[in-house]
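Residues per chain, in single letters:
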Amino acid sequence: MAQARLTIDLGAICANWRALLALGRAETGAVVKADAYGLGAEQVATALAREGATRFFVALAEEGAALRRALGPGPDIFVMSGHMDGDTTLVRDAGLTPMINSIDQMLRHVEALPGHGFGIQLDSGMNRLGMEPAEWSALRDIALAQRPALVMSHLACADTPDHAMNARQLAVFREMTDGIEAPRSLAATGGILLGPGYHFDITRPGIGLYGGLPFIDARPVVSLSLPVIQVRDVAPGESVGYDNSWIAQAPTRVATVSGGYADGILRAIGPKGWLWAGETRCKVLGRVSMDLIGVDVTAVRTDPEALELLGRHQSVDTVAGWAGTIGYEILTALGPRYARRYLAP
Ligand SMILES: *Cc1c(COP(=O)(O)O)cnc(C)c1O
């Protein structure tokens, strides 16, 4: 079988959730947008709900509806894009809580679904989603009279703890919300790590659950094993892969593994990437193809059956570093072609 195997440790996700919960007194939600960062929203949210999570966050109403089918009634599902044209049926039938981002969305929501729960998203400086202070002043009394389920904002620079933007956004959020009765939320993973002053009532970790930075103490969650399809000896002067981009200087044993950029293994990792055969580190040779990668296994005593890209030896952030990107992008790029195995909590 040439299908690569992606193993997702649900026990590690639950342990990471508990560890983030233990960092303060706030309730800890779980962000499972983009299919739980590519790892499977149904499996991840079901495991976290058993662990005690009762509040889930998605980006789109469609994601929320699918999550509701997996979780059943009970948990809160917040839709961070709010209430868009066309969302009404999903929001109503799946019992979703849209995070209202603008006066337009507020009008749409109360007209289409009077009495249906909602939350408010405020912009405290990121200029991405949510009501700005002036808009909020105009709407605040009317919105609060309808008892929003949550009032939240998002930090732009929480991954950089000493960035002045953090304190600035905290002050703006406090100014916009101090004294209200509704529960408040400001912190994603990075914000949780800034300390309890940023936690308010409910936190919204995503990447930390999935083993990524900035949560350095996270337990690793994913491992990715790529089967070796063929092994050959390459003589000095011969090349490997497209565009002859790697040329052997010495006799080299080359394994071709199954997996490539169609599986989210970014082409950009090529020249810097490594895989592992047990305890032996093996260099990527030449370009990452759509379905295949050449790897130097000269140092491996017996030809390996598979090589590991993610796991004990290197994290999504290690791989992200080679490609000049972030762990989030590596995770969400993991394709649909893997055989996925879930380790039960
Ligand atoms: C994605 C997202 C989160 C989760 O962020 P992480 O950095 O993955 O913890 C929380 N809140 C909002 C608004 C988001 O867009």
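Residues numbered from 1 in each chain as written. Predicted model: local features only at pLDDT ≥ 70, side-chain atom pairs only at ≥ 80, totals over all residues. Heavy atoms only, no water.

Engineer: Give a description of the overall build of the protein chain that names residues and reports values.
Structural biologist: Looking only at helices and strands, the protein chain features eleven helices and 19 strands. For the C-alpha atoms alone, the extent of the protein chain along its principal axes is close to 75 × 40 × 35 Å. Counting every position in the protein chain, which comprises 345 residues, the buried fraction comes to 51%. Considering only contacts within the protein chain whose residues lie at least 6 apart along the sequence, 63% involve residues at least 24 apart. (Helix = DSSP H or I, 4+ residues; strand = E, 2+ residues; numbered from the N terminus. Buried < 20%, exposed > 50% of the residue type's maximum accessible area, 1.4 Å probe, protein only. Contact = heavy atoms within 4.5 Å.)

Engineer: Could you give me a rundown of the domain arrangement of the protein chain, with the residues and numbers involved?
Structural biologist: In terms of domains, the protein chain is made up of domain 1 (10-210) and domain 2 (222-343). Between the C-alpha centres of domain 1 and domain 2 the distance comes to 37 Å. The interface of domain 1 with domain 2 comprises eleven residues on the first partner and nine residues on the second. Around 890 Å² of area is buried between domain 1 and domain 2 when both sides are counted, 63% of it from carbon and sulfur atoms. Its largest share of buried area at the contact with domain 2, domain 1 owes to Y37, L39 and I207, together 51% of the area lost on that side. Counting across the domain 1 and domain 2 interface gives zero salt bridges. For the side of domain 1 that touches domain 2, the elements supplying multiple residues, two or more each, are α1 (10-21) and α2 (33-37). Taken together, the residues of the side of domain 1 that touches domain 2 break down into six nonpolar, four polar and one charged. (Domains from an automatic or database assignment. Buried area = accessible area lost by both parts, 1.4 Å probe. Salt bridge = Lys/Arg side-chain N within 4 Å of Asp/Glu carboxyl O. Nonpolar A, V, L, I, M, F, W, Y, C, P; charged D, E, K, R; others polar.)

Engineer: Give me the lowdown on the packing of aromatic side chains, citing residues and values where you can.
Structural biologist: Per the stated rule, a full pass over the model turns up four aromatic pairs. Here the aromatic residues Y37, Y210 and Y328 are joined through ring pairs into a cluster of three or more. In this arrangement the basic side chain of R281 is found over the ring face of W274, its NZ or CZ atom lying 3.6 Å from the centre. (Phe/Tyr/Trp six-rings, centres within 6.5 Å; stacked < 30°, edge-to-face > 60°. Lys NZ or Arg CZ within 6 Å of the ring centre and 35° of its normal.)

Engineer: Break down helix α3 (residues 41-51) for me, citing the residues and quoting the values.
Structural biologist: Among the residues of α3, those classed as buried are A41, V44, A45, A47 and L48. The buried side chains of α3 occupy one side of the element, clustering within an arc of 160° when seen end-on. Exposed side of α3, more than 90 degrees from the buried face: E42 and R50 are the residues found there. At the exit of α3 stands G52, carrying a positive phi of roughly 120°. (Arc of directions from axis to C-beta.)

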